[in-house]
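Read off the chains here:
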Amino acid sequence: MLRLFETFLETTPQLTLVLAIILQSGSAEYYQWVSICTSFVGISWALLDYHRALRTCLPAKPLLGVGASVIYFLWNLLLLWPRVLVVALFSALFPRYVALHFLGLWLVFLFWVWLQGTDFMPGPHSEWLYRATVATILYFSWFNVAEGHTRGRATIHLVFLLNDSLLLVVAWATQSAWLPSGRLLQSLLPAAGVCFLLGLALRLAYYCWLHPSRRWEPDQVDGTWGLRSLEERQLPQNRRMAHLAKNFFPKPRNEAVLPWKGEVNGVL
């Protein structure tokens, strides 16, 4: 989850900035396109990696298969890059207003997340920080934060982002000051529309036939442990982290032998 947060708080804004600079300049080197494609693949891979890791913590749901993982990765990639492209286009045309656009949508998503009643963090202040981070992710992509069936919420989010993206494209089309990369946009925007439709089709196919979820069981979200207790669960083990934990934490009192009184490892 922390890797996913880092991806949408750092990598995605940087990628949007690079695309905006390329659209303003009207030219780009080949290594810049390679970097852009690599960034898109990395963001989509972070979404897939988080989803697969979340599956290992849900005992009542099977793991994601290879075919389902490929389709999940592709529909996230095909829906993500048109969104980043139109945001970068708006940033290139209106660099002074992109912050207002982000802030307006971010407040809407923050209010929406609050209405869903998230309860992930231990305290109210950290919970609002979590909601603010989720609102940033929702600005670019879908992220489930509430229990229950997600079909309605995902549809609302998709329609909202689609309408916003169309408004950004209309703002570019009606702008009198054309960008130097006009010919590039004439090929990128139709390709983005085709990729969006293809990604939407793959997303529908994934949730209809490949999503490893039982139909009678509502989806669980971040931080939920499922129906069984910890004693009944076989949690995933990480040998490297277990070894580091043994080296970091002191031994129990019945195993430790203190050679003298006083302060040992910061403990009196």
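The rules we used
Residues numbered from 1 in each chain as written. Predicted model: local features only at pLDDT ≥ 70, side-chain atom pairs only at ≥ 80, totals over all residues. Heavy atoms only, no water. Salt bridge = Lys/Arg side-chain N within 4 Å of Asp/Glu carboxyl O. Helix = DSSP H or I, 4+ residues; strand = E, 2+ residues; numbered from the N terminus. Buried < 20%, exposed > 50% of the residue type's maximum accessible area, 1.4 Å probe, protein only. pLDDT = per-residue confidence, 0-100. Contact = heavy atoms within 4.5 Å. Core = buried A, V, L, I, M, F, W, Y, C linked by side-chain atoms within 4.5 Å.

## A look at the pattern of salt bridges
Within this structure, the stated rule accounts for three salt bridges. Among the salt bridges present, the one from Asp 164 reaches Arg 83, with a minimum N-O distance of 2.7 Å. With Asp 164 in helix H6 (residues 151–173) and Arg 83 in helix H3 (residues 66–93), this residue pair connects regions lying 81 residues apart in the sequence. Given the relative accessible area of 3%, Arg 83 is considered buried.

## With respect to the confidence of the model for the chain
Per-chain confidence: the chain averages 80 in pLDDT, with 75% of residues scoring 70 or above. By mean pLDDT, the top-scoring element of the chain is helix H4 (residues 98–115) (96), and the lowest-scoring one is helix H8 (residues 239–248) (48). Counting interchain partners and residues more than four positions distant, the pLDDT-below-50 stretch residues 243–250 has zero contacts. Confidence over residues 252–268 falls short of pLDDT 50; this stretch has five contacts with residues more than four positions distant or in other chains.

## So, the nonpolar core
Formed by 70 residues in total, the largest nonpolar core has its most connected members in Phe 8, Phe 40, Leu 89, Phe 109, Leu 138 and Phe 143. Mapped onto this core, the elements with two or more residues apiece are helix H1 (2–25), helix H2 (30–56), H3, H4, helix H5 (124–140), H6 and helix H7 (182–210). Broken down by element, the residue count for this core peaks at 19 residues, all from H3. Discounting chain neighbours no more than four positions away, the residues touching Phe 8 are Pro 13, Ile 43, Leu 47, Leu 80, Thr 136, Ile 137, Phe 140 and Ser 141.

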